[in-house]
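Residue strings, one per chain:
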Amino acid sequence: MLPSYQLSQSVILPDLNVWGTSSGDVLYAGDSHNGLIGSTIHGGDGNDTLYGGAGGDTLFGDNDNDVIVGGAGADVMYGGSGADTFVWNHTSETAGGPVSHFPPNDLIMDFRASEGDQIDLSHLAKEAGAHLNFTGEHDPGKYAGGPGEVYWENSADGANFNIFINLHGGTHVDGTISVNNYFSLGDHPDAGWFHL
Ligand SMILES: [Ca+2]
Ligand SMILES: [Ca+2]
């Protein structure tokens, strides 16, 4: 049985399981075990802000409008109900880089555009030296992207949308984020999914 703690606001503990309260919390995963083991954080009710640690964390916003920042490591994120925002501050936080490489990518499990969920990549503009722009579905005949391009394609098994971030143009993909398509109900990534 892993330790579990009930937290009030803005508490940092090196724990593996963190539960927020029924109001809006700011919760940070600890980097215990040198970040090799990720944490599990539940925001609970209220508009919560969740920060993952260095490891591969499992983050649940739960009810209401949450902000979820996985940080480093391959994180698995659930926004829960409400308009949730998934934030990346640097392409290195996307963990996977090109999707064919290990470790696996960050994964949003329950993205619902209809609830107002958003993927916030606006902090990557500085890294790119320019604003990012969404260019839609990847054209398989086109191997090189332009600078600042964000585009998507279906994963080989059809379960996920893989979203690619190409900061500087050319064939090198700087970051990859995956979104499970179970809740998309035939929808696919479009410009409205992103804050760029
Ligand atoms: Ca919440
Ligand atoms: Ca993390």
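Quick caveat, the model's predicted, so the values are computed rather than measured. Per chain, residue numbering runs from 1 following the sequence as it is written. Chains carry letters from A onward and ligands carry numbers from 1 onward, assigned in written order. Note on the predicted model: pLDDT of at least 70 is required for a residue's local features to be given, and 80 or more for side-chain atom pairs to be given and counted; whole-chain, interface and lining totals, by contrast, use all residues. The basis for every side-chain value is the complete set of heavy atoms in the structure, and neither hydrogens nor water enter the calculation.

(A) Highlighting the coordination of the calcium ion (ligand 2). Sites may look incomplete, because water is not among the atoms used; the donor set itself consists of N, O and S atoms within 2.8 Å of the metal (3.2 Å for Na, K and Ca). Taken together, the protein ligands of the calcium ion (ligand 2) are Gly53 (O), Gly55 (O), Asp57 (OD), Gly70 (O), Ala72 (O), Asp75 (OD) and Asp75 (OD), with distances of 2.2 to 2.9 Å. Linear spacing of the donor residues for the calcium ion (ligand 2) on their chain is G-x1-G-x1-D-x12-G-x1-A-x2-D.

(B) Summary view of the packing of aromatic side chains. Only centres within 6.5 Å qualify two rings of Phe, Tyr or Trp (six-membered ring in Trp) as a pair; their planes then separate them into stacked at under 30 degrees, edge-to-face at over 60, and tilted for everything else. Taken as a whole and assessed by the stated rule, the structure comprises 9 aromatic pairs. Seen from their ring centres, Tyr28 and Tyr51 are 4.8 Å apart, and the 10° between their planes marks the pair as stacked. Of this pair, Tyr28 sits in strand E4 (residues 26-28) while Tyr51 sits in strand E6 (residues 49-51); the two residues are 23 residues apart in sequence, bridging distant segments of the chain. Pairing Phe86 with Phe111 gives two aromatic rings, centres 6.4 Å apart and planes at 40°, and the pair type is tilted. Placement of the pair is Phe86 in strand E10 (residues 85-87) and Phe111 in the loop between strand E11 (106-108) and strand E12 (118-120), with a sequence separation of 25 residues. Residue exposure (1.4 Å probe, protein chains only): buried if accessible area is under 20% of the type maximum, exposed if over 50%, otherwise partly exposed. With a relative accessible area of 0%, Phe86 lands in the buried category. Aromatic ring contacts, followed pair by pair, group Phe86, Phe111, Trp152, Phe161 and Trp193 into a single cluster. In this text, helices come from DSSP runs of H or I with a minimum length of four residues, and strands from runs of E with a minimum of two, each type numbered from the N-terminal end.

(C) Region of interest: the coordination of the calcium ion (ligand 1). Every protein donor of the calcium ion (ligand 1) is listed here as Gly44 (O), Gly46 (O), Asp48 (OD), Gly61 (O), Asn63 (O), Asp66 (OD) and Asp66 (OD), and their distances to the metal cover 2.3 to 3.0 Å. Linear spacing of the donor residues for the calcium ion (ligand 1) on their chain is G-x1-G-x1-D-x12-G-x1-N-x2-D. Of the two residues, Asp48 sits in the loop between strand E5 (40-42) and E6 while Asn63 sits in the loop between strand E7 (58-60) and strand E8 (67-69), which places them 15 residues apart along the sequence. On the basis of relative accessibility, which here comes to 1%, the residue Asp48 falls in the buried class. Judged by relative accessible area, Asn63 falls into the partly exposed class, the value being 37%.

(D) Fine view of the pattern of salt bridges. Any Lys or Arg side-chain nitrogen located within 4 Å of an Asp or Glu carboxyl oxygen qualifies as a salt bridge. Tallying each qualifying case throughout the model produces 2 salt bridges. In this structure, Arg112 engages Asp110 in a salt bridge whose closest nitrogen and oxygen atoms are separated by 3.5 Å. Ionic pairing is found between Glu115 and Arg112, a salt bridge with its closest N-O pair at 4.0 Å. Residues participating in the shared-partner salt-bridge network are Asp110, Arg112 and Glu115.

(E) Molecular detail of the confidence of the model for the protein chain. Across the protein chain, the average pLDDT comes to 84, with 82% of residues at or above 70. Each residue carries a pLDDT score, the predictor's own confidence in it, on a scale running from 0 to 100. Note on definitions: a residue-residue contact is assigned when non-hydrogen atoms from the two residues lie within 4.5 Å. Contacts of residues 1-14 to residues separated by more than four positions or lying in other chains number 36 contacts, the stretch itself having pLDDT below 50.

(F) Representation of the pairing of strand E15 (residues 160-166) in the model. Buried residues dominate E15, accounting for 7 of its 7 residues. Neither face of E15 is left uncovered, since the one carrying Asn160, Asn162, Phe164 and Asn166 and the one carrying Phe161, Ile163 and Ile165 both have all their residues buried. Being paired, for any two strands, means DSSP has found at least two bridges between them. Bridge count for strand E14 (residues 149-154) against E15 is 6 bridges, and the pairing is antiparallel. In the sheet register, Tyr151 faces E15, and the bridge partner there is Phe164.

(G) Quick look at unusual backbone geometry. Backbone geometry at Asp64 places phi at a positive 80°, although glycine is not the residue there. Along the chain, Asp64 turns up in the loop between E7 and E8. Since its relative accessible area comes to 32%, Asp64 is described here as partly exposed.

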